[in-house]
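# Structural overview
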Amino acid sequence: MDLFEYMRSTSQEKESPLAARLRPSTLEEVVGQQHIIGKDKLLYRAIKADKISSIIFYGPPGTGKTTLARVIAHTTSAEFTQINATVAGKKDMEAVIKTAKDSLGMYGKRTILFIDEIHRFNKGQQDYLLPFVEDGTIILIGATTENPYFEVNGALISRSVIFELKPLAREDIKELLRRAVYDREKGMGSYDAVLDGEAMEFLADIAGGDARHALNAIELGIMTTNRSQDGKIHITLEVAQECIQKRAVRYDKTGDNHYDTISAFIKSMRGSDPDAAVYYLARMLYAGESVTFVARRIMICAAEDVGNADPQALQVAVNASLAAERVGMPEAQIILSQAVLYVACAPKSNACVNAIGCAMETVEKTGNLPIPVHLQDAHYKGAAKLGHGTGYLYAHDYPDHYVEQQYLPYELDGKEFYHPSGNGYEVKIKEHMKRLKSRQK
């Protein structure tokens, strides 16, 4: 490295964004992702032992994919090279492979190749890497925001360990904000700024688990806010709102407002008011509520309040949950909106809730009543000799695939748990069951 390159590198390090300057160089400095880098976890042990195999980091933006790659770079004895798939081409990869072969042949040193946005490589580019991953010329570390099972070649997937990174928790974001404001070495401690509690809570909420989003906001706040009379830069709630261009909504995820909002949301869907339901959905998403939490409530409502009046509602809700988790915000709001509006507009029935509630109460009162012998399993060893299954009537051998026989324990003969409503598809269910029961007379 010549003098000019050294000066350029030093200048770039000082002037790089706060999120880049705060990146840790050791595992101990990493915030969050303890499910993969906790001290008893595979990745932690592999990094500490310098025994890294090919890895793909998968997760939303700002969760630490590049950070973990940098930690590995600082920890490993191997050569470390980084390229970005959005700008790199085959020539770049050929140059890396040549250098890696030379390093391995002359010095016996392995090369770790970190490819950011690896899903941007086409199939041909990914295939080019495969033989060099297989023969150990390079150890691949890929980072992607897309599901690697969809976006990365199966051959590379089979030779890599997939680690999924989760959105950072609010407490993790708050810890990073404290470092950003008060750390004088890597952060902005020399600016003598003060981060108010309300502003910290707001930024931790609104970041949505994205550390970079929160750090960019706090950096902008410190750089653009005038000092107060006490000589300090005060990052208040108002400053935080301006920096992130979003107004704080009173929504404490552990307080009354949280429970009031989710209650209004569910009751609006149950009450078949799509306008109110989508309004409360917007309030929760605007305030940074977890997409997973919202999707879970929609699924519960689809089963609890719609039920068999429209069996499709639960399918829509489940598919929306899976799609929202894969797509992420902000597009996930469209998916959740579709599910909310479908459930709100669907015919309603709580007959399924009543049925399982009544059945659970009966089991609690009566215990394990004997199962009728003809319903018992006759296939396990010796069961048929004991008479299990004897007298069972196979429904498909009879007209309409129905035959009358005792299904409930004899002590509960005639007991009814499920009473279909007169709404939606349950009208057909009710008519069908009535038709079958009329044949018993």
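Before any of the text, the structure's been laid out above.
## Describing the sheet that holds strand β2 (residues 79–84)
Here we have five strands laid out as an open sheet, ordered β2-β3-β4-β1-β5, and parallel in their pairing. The two strands at the open ends of the sheet, each matched to only one other strand, are β2 and β5 (161–164). Averaged over neighbouring strand pairs, the angle between their axes works out to 15 degrees when direction is ignored. Packing of helix α5 (residues 65–75) onto the sheet brings it into contact with β1 (55–58), β2, β3 (111–116) and β4 (138–144), and relative to β1 it is tilted by some 145 degrees. Those strands touched by helix α7 (residues 123–134) are β3 and β4, and its axis lies near 135 degrees from that of β4.

## Side note on the pairing of β4
With seven of its seven residues buried, β4 lies for the most part within the structure. Alternating positions in β4 separate into two faces, Ile-138, Leu-140, Gly-142 and Thr-144 on one and Ile-139, Ile-141 and Ala-143 on the other, with burial throughout. Of the strand pairs in this sheet, β1 and β4 are connected by four bridges, and their pairing is parallel. Its bridge partner being in β4, Phe-57 is matched across the sheet by Ala-143. Pairing analysis gives six bridges linking β3 to β4, with the strands arranged parallel. What sits directly across from Leu-113, in β4, is Leu-140.

## Focus on a nonpolar patch on the surface
Where nonpolar side chains cluster on the molecular surface, the patch consists of Leu-314, Val-318 and Leu-322 and spans about 240 Å² of accessible area. Here Leu-322 is to be found in helix α17 (residues 312–327). In this structure Leu-322 comes out as exposed when scored by relative accessible area, which is 55%.

## Brief notes about the pattern of salt bridges
Any two side chains of opposite charge can pair, so long as their charged atoms come close to each other. Under the counting rule described, the total for this entry stands at 19 salt bridges. Asp-102 is the partner of Lys-98 in a salt bridge, and the nearest nitrogen-oxygen pair spans 3.3 Å. Here the residue Lys-98 and the residue Asp-102 both occupy positions in helix α6 (residues 90–107), the gap between them amounting to four residues, near one helical turn. Judged by its relative accessible area of 32%, Asp-102 falls in the partly exposed class. Across the pair Arg-179 and Glu-175 runs a salt bridge whose closest N-O atoms are separated by 3.2 Å. On the criterion of helical spacing, the pair formed by Arg-179 and Glu-175 is a turn pair, its members being four residues apart in helix α10 (residues 170–182). Each of Arg-170, Glu-171, Lys-174, Glu-201 and Asp-205 takes part in salt bridges that share partners, so that together they form one network.

## Let's talk about the packing of aromatic side chains
What the rule picks out here adds up to four aromatic pairs. A centroid spacing of 6.4 Å and a plane angle of 25 degrees characterise the contact between Phe-80 and Phe-114, whose relative ring orientation is stacked. One end of the pair, Phe-80, is in strand β2; the other, Phe-114, is in strand β3, and 34 residues separate them in sequence. Judged by its relative accessible area of 0%, Phe-114 falls in the buried class. Between Tyr-279 and Tyr-280, the ring centres sit 5.1 Å apart and the planes meet at 65 degrees, which makes this aromatic pair edge-to-face. You can call Tyr-280 partly exposed: its relative accessible area is 22%. The ring centre of Phe-150 lies 3.8 Å from the NZ or CZ of Arg-326, which sits over that ring.

## Some words on the state of the cysteines
Across all of its chains, the model carries zero disulfides by this definition. With no disulfide of its own, Cys-358 has Cys-352 as its nearest cysteine by sulfur position, at a separation of 13 Å.

## So, the packing of helix α12 (residues 211–224) against helix α13 (residues 237–244)
Contact geometry of α12 with α13 gives a least axis separation of 9 Å together with a crossing angle of 115 degrees. As α12 packs across α13, the resulting crossing turns out to be right-handed. Within the contact between the two elements, α12 uses His-213, Ala-217, Leu-220 and Gly-221 and α13 uses Val-239, Cys-243 and Ile-244. Considering only residue class, the contact of α12 with α13 consists of five nonpolar, two polar and no charged.

## Some details on helix α18 (residues 332–345)
Since the α-helix turns once every 3.6 residues, residues separated by three or four places project in the same direction. For α18, built from 14 residues, the straight-helix expectation of 20 Å at 1.5 Å per residue is met to within 8% by its first-to-last C-alpha distance of 20 Å. Listing the buried residues of α18 in full gives Ala-332, Ile-335, Leu-336, Ser-337, Ala-339, Val-340, Val-343 and Ala-344.

## Here we look at the side chain of Asp-305
Among the secondary structure elements, Asp-305 is positioned in helix α16 (residues 291–306). According to the relative accessible area criterion, Asp-305 is buried, its value standing at 7%. Looking at Asp-305, its side chain comes within polar contact range of the side chain of Arg-270, at 2.8 Å. Not counting the four nearest positions on each side in its chain, Asp-305 is found in contact with Ile-266, Arg-270, Ile-300, Lys-348 and Ser-349.

## Looking at the environment of Ile-118
Tracing the backbone through its elements, the reader meets Ile-118 in the loop between β3 and α7. Distance in space between the C-alpha atoms of Ile-118 and Val-343 is 38 Å, their sequence separation being 225 residues. Residue contacts for Ile-118: discarding those within four places in its chain leaves Ala-85, Gln-126, Leu-140, Gly-142, Ala-143, Thr-144 and Val-152.

## Points about the packing of helix α11 (residues 197–206) against α13
Orientation of α11 relative to α13, taken along the N-to-C sense of each, is 30 degrees, at an axis distance of 8 Å. Taken together, α11 and α13 sit at an angle that is classed as roughly parallel. Once α11 is placed against α13, the crossing between them reads as right-handed. Along the contact surface, α11 presents Glu-198, Ala-199, Phe-202, Leu-203 and Ile-206, while α13 presents Leu-237, Ala-240, Gln-241 and Ile-244. Grouping the amino acids of the contact of α11 with α13 by side-chain chemistry returns seven nonpolar, one polar and one charged.

How each quantity is defined
Numbers given for residues are sequential positions, taken from 1 along each chain in its written order. Restriction of local features to residues with pLDDT of at least 70 applies here, the model being predicted, together with a cutoff of 80 or more for giving and counting side-chain atom pairs; totals for whole chains, interfaces and linings are based on all residues. With hydrogens and water stripped out, all remaining heavy atoms of the structure feed into the side-chain values. Strands are treated as partners if at least two bridges between them are detected by DSSP. Secondary structure follows DSSP: runs of H or I at least 4 residues long count as helices, runs of E at least 2 residues long count as strands, and numbering of each begins at the N terminus. Each axis is a line fitted through C-alpha atoms, taken for helices only over the stretch in contact, and angles between the N-to-C directions span 0 to 180 degrees. We call two residues contacting when some pair of their heavy atoms lies within 4.5 Å. The classification of residues rests on relative accessible area computed with a 1.4 Å probe and restricted to protein chains. Under 20% of the type maximum is buried, over 50% is exposed, and intermediate values are partly exposed. The patch calculation keeps residues exceeding 30% relative accessible area without a salt bridge and links them within 9 Å when they carry like charges or within 5 Å when they are nonpolar (Val, Leu, Ile, Met, Phe, Trp, Tyr). Reported accessibility uses the Shrake-Rupley method at a 1.4 Å probe radius. Residues are deemed covered only where the shown protein chains occlude them. Salt bridges are defined by distance alone: a side-chain nitrogen of Lys or Arg within 4 Å of a carboxyl oxygen of Asp or Glu. The rule is short: rings of Phe, Tyr and Trp, with Trp giving its six-membered ring, pair when the centres are within 6.5 Å, and they are stacked under 30 degrees, edge-to-face over 60, tilted in between. Sitting over a ring, as applied to charges here, requires NZ of Lys or CZ of Arg to be within 6 Å of the ring centre and within 35 degrees of the ring normal. Any two cysteine sulfur atoms lying within 2.5 Å of each other are counted as a disulfide. Handedness of a helix crossing follows the sense of rotation of the near helix relative to the far helix, less than a right angle counterclockwise being left-handed and clockwise being right-handed. Any residue outside Ala, Val, Leu, Ile, Met, Phe, Trp, Tyr, Cys, Pro, Asp, Glu, Lys and Arg is labelled polar, Gly included; the first ten of those are nonpolar and the last four are charged. Working rule for helices: expected span equals 1.5 Å times residues minus one. Nitrogen and oxygen atoms within 3.5 Å of one another constitute a polar contact, given that in protein one can donate a hydrogen and the other can accept it, and given that sequence-neighbouring residues count only through two side-chain atoms. Should an angle fall under 35 degrees it is called roughly parallel, over 145 degrees roughly antiparallel, and 65 to 115 degrees roughly perpendicular, with every other angle called oblique.

Functional significance is not addressed by these values, which are geometric in nature.
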